[in-house]
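Observations on chain architecture
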Amino acid sequence: MNQDRTELAELVLDVADQVPSGAVTTYGLVAEAVRAVSGHGHPRHVGSVMAAFGAEVPWWRVVRADGTLPRQLRERALEHYRAEGTPLTPFVPVRVDLERALWDAPSRWQAPVAGPRA
């Protein structure tokens, strides 16, 4: 584990890393999945971890509850969404169609057996 990251941060990154291509999950669902394993986790914490370390995982697959990302990330994310065939709504700004693309992190994430990812 990276010494600059907490175990909770490692769990957040592990969830993000498991979201399949063409799908997304939300900050809240990541927090719920992590909380089920660690007893801790909040959507704002997930956002902080993704802001600090998200480049190490497919960051564009973790979105806000409305299917968007922060404005400064939307155009870069759009490239990934198009390449992966992620369903989008016809609205501006870039918004993932959560009804078709949502990956339920709390029920689908495979938590590490022997602790957080290396």
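What counts and how
By convention here, each chain's residues receive numbers from 1 onward along its written sequence. pLDDT decides what is reported in this predicted model: residues at 70 or higher carry local features, side-chain atom pairs at 80 or more are listed and counted, and totals for whole chains, interfaces and linings draw on all residues regardless. The basis for the side-chain values is all heavy atoms of the structure; hydrogens and waters are excluded. Under the DSSP-based scheme used, a helix requires at least four consecutive residues in state H or I and a strand at least two consecutive residues in state E, with every element numbered from the N terminus. Here, two residues are considered to be in contact whenever any of their heavy atoms come within 4.5 Å of each other. The salt bridge definition used is simple: a Lys or Arg side-chain nitrogen within 4 Å of an Asp or Glu carboxyl oxygen. Every helix has an expected span of 1.5 Å times one less than the residues it contains. Buried means the residue's accessible area, taken with a 1.4 Å probe over protein chains only, is under 20% of the maximum for its type, while exposed means over 50%, and partly exposed covers the values in between. Bend, at a single residue, is the angle you get between axes fitted to the 7 residues ending at that residue and the 7 residues starting at it.

Taking an unreviewed UniProt entry as the reference, the protein is identified by name as Alkylated DNA nucleotide flippase Atl1 belonging to Georgenia soli.

With that settled, consider the side chain of T86. Of note, T86 is situated in the loop between α4 (71-84) and α5 (98-101). In contact with T86, not counting residues within four places along its chain, are G22, A23, V24, Y81, V96 and A101.

So, about the pattern of salt bridges. Pairing between side chains becomes possible if they bear opposite charge and their charged atoms approach one another. Here the structure, examined in full by the defined rule, presents five salt bridges. Two residues, R100 and D97, come together in a salt bridge whose shortest N-O distance is 3.4 Å. What you see here is one network of salt bridges that share partners, running through R5, E10 and E56.

Turning next to helix α1 (residues 7-18). Between its terminal C-alpha atoms α1 stretches 17 Å, which fits the 16 Å expected from 12 residues at 1.5 Å a residue. Most of α1 is tucked away, with nine of its 12 residues classed as buried. By the burial criterion, the buried members of α1 are L8, A9, E10, L11, V12, L13, D14, V15 and A16. Here the buried face of α1 lies against α2 (27-38), α3 (43-53), β2 (62-63) and α6 (105-108).

The next point concerns α4. Here α4 spans 20 Å end to end across 14 residues, near enough to the 20 Å set by a 1.5 Å rise per residue. Largest kink in α4: about 35 degrees, centred on A77. Where α4 is buried, its residues meet β2. Of the residues one or two after α4, G85 is the one with positive phi, at around 75 degrees.

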